[in-house]
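Reading the structure
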Amino acid sequence: MTRVRKGELALRYVLLLAVLALTVGPFLWQLSTSLKGPTEDIYSSPPSFLPRHPTLHNYERVADTIPVWDYAFNSLKVATANVVTNCVGSALAGYALARLRYGGRRAATLAFVLAMLVPVEGIIIAQFTTMRELGLNNTLIGVVLPGCIGAMNVLLMRNAFLNLPYEIDEAAYVDGANVWQRFLRIALPSVKGTVAVVAIFAFMGAWDDFLWPLIVLSDPSKFTLTIGLNYLHGTFAGDERLVAAGTVIAVAPLIALFAGLQRYFFRGVGEGAVKG
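Described below are features of the structure shown in this document.

Thresholds applied
Residues numbered from 1 in each chain as written. Predicted model: local features only at pLDDT ≥ 70, side-chain atom pairs only at ≥ 80, totals over all residues. Heavy atoms only, no water. Patch = residues over 30% accessible without salt bridge, like charges linked within 9 Å, V, L, I, M, F, W, Y side chains within 5 Å. Areas by Shrake-Rupley, 256 points an atom, 1.4 Å probe, with all protein chains shown as cover. Salt bridge = Lys/Arg side-chain N within 4 Å of Asp/Glu carboxyl O. Helix = DSSP H or I, 4+ residues; strand = E, 2+ residues; numbered from the N terminus. Buried < 20%, exposed > 50% of the residue type's maximum accessible area, 1.4 Å probe, protein only. Core = buried A, V, L, I, M, F, W, Y, C linked by side-chain atoms within 4.5 Å. Contact = heavy atoms within 4.5 Å. Axes fitted to C-alpha atoms, helices over the stretch in contact; angles between N-to-C directions. Parallel < 35°, antiparallel > 145°, perpendicular 65-115°, else oblique. Left-handed = near helix turned anticlockwise from the far one by under 90°. Nonpolar A, V, L, I, M, F, W, Y, C, P; charged D, E, K, R; others polar. Phe/Tyr/Trp six-rings, centres within 6.5 Å; stacked < 30°, edge-to-face > 60°.

Let us now look at a nonpolar patch on the surface. The grouping of Leu-17, Leu-20, Val-24, Leu-28, Phe-49 and Leu-50 at the surface amounts to a nonpolar patch, some 560 Å² of accessible area in total. With respect to the secondary-structure elements, Phe-49 resides in the loop between helix H1 (6-34) and helix H2 (57-65).

What follows is the structure, encoded as structure tokens:
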């Protein structure tokens, strides 16, 4: 191993701390603001990072102002459905593109690549018209359906399956395993890291989505959390404590999901390195 000079090592730590402050700092500030009571000045100079008298009253006020837990439950249903459909559909499509032999495979792969180049704003009118013709406007199914299988997720799974040695498939084929057995028992267990990456991306995309639910939903009882919290930003924009509490409620599930899947997430980088 090469030894790193002290000056270079110190520079690395300084850069890491700067990146950490830029990425995690705003969230920690929102968390601090959400725990401050009405008597504490959040605009003091120099700013006070730690609340002197921490309180959860701001979170209670969010629940009293909007039905935040109903909105969170709607978002959870949409995000869970999005995770399931993306993991299952992307794994099946990725395996078909990477491991099966059939005419038009390259054209299908190119179609997924081109789908990533199309901005969402360019097809949102067509999506809305399609949902209306299917009678799915103002339903959570209509929110889930357009993003149930993402092109990027399919390509991620394809690349993971491509990294698996073909000798494993050949050995399983000689032993009499059919395509479903090779997929379920050999290929899929070897790409758990990439499946975790797809799950995290799918959950984050559905949980944070604002534009499409805003367009397709009109019944307040079916609003997702992002739409509901927009009411806080609009009507209570001057109450930073209330807005901060709503922001923390929206971000907390994402942190919990990543914390639970982080070991699989980082394994996704070296996916497919199977030795036998």
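This brings us to the pattern of salt bridges. All told, the structure shown has two salt bridges when counted by the stated rule. Between Arg-12 and Glu-8 there is a salt bridge whose closest N-O contact spans 3.1 Å. Here the residue Arg-12 and the residue Glu-8 both occupy positions in helix H1, the gap between them amounting to four residues, near one helical turn. You can call Arg-12 partly exposed: its relative accessible area is 43%. According to the relative accessible area criterion, Glu-8 is partly exposed, its value standing at 34%. In this structure, Arg-99 and Asp-169 form a salt bridge, with 3.1 Å as the shortest nitrogen-oxygen distance. Residue Arg-99 is found in helix H3 (residues 68-99), and its partner Asp-169 is found in helix H8 (residues 166-174); the two are separated by 70 residues along the sequence. Each member of the pair, Arg-99 as well as Asp-169, is classed as buried.

We now examine the nonpolar core. Within the largest apolar cluster, 46 residues are counted, with the highest numbers of intra-cluster contacts made by Val-62, Ile-66, Phe-161, Trp-207 and Leu-225. When residues in this core are grouped by element, the largest group, ten residues, is from H3. Beyond its immediate stretch of four places on either side in the chain, Trp-207 contacts Ala-72, Ser-75, Leu-76, Ala-79, Leu-225, Thr-226, Ala-250, Pro-253 and Leu-254.

The next subject is the environment of Leu-56. With respect to the element layout, Leu-56 can be found in the loop between H1 and H2. Residues Leu-56 and Ala-126, spaced 70 residues apart in sequence, show a C-alpha to C-alpha distance of 44 Å.

With that out of the way, let us pick up the environment of Val-88. By secondary structure assignment, the location of Val-88 is in helix H3. Taking C-alpha positions, Val-88 is 10 Å from Met-157, a pair spaced 69 residues apart along the chain.

Running from N to C, H3 and helix H7 (residues 151-162) cross one another at 50°; their axes reach a closest spacing of 7 Å. The angle between H3 and H7 places the two elements in the oblique class. For the pair H3 and H7, the crossing hand works out as right-handed. Of the residues in H7, those in contact with Asn-86, Ser-90, Ala-91, Ala-93, Gly-94, Tyr-95, Leu-97, Ala-98 and Arg-99 of H3 are Asn-153, Val-154, Met-157, Arg-158, Phe-161 and Leu-162. Split by residue class, the contact of H3 with H7 holds nine nonpolar, four polar and two charged.

The next thing to look at is the packing of aromatic side chains. All chains considered together, the criterion is met by six aromatic pairs. With 5.4 Å between their ring centres and 85° between their planes, Tyr-95 and Phe-161 make a pair best called edge-to-face. You can see Tyr-95 sitting in helix H3 and its partner Phe-161 sitting in helix H7, a full 66 residues away along the chain. As far as burial versus exposure is concerned, Tyr-95 and Phe-161 are alike and both buried.

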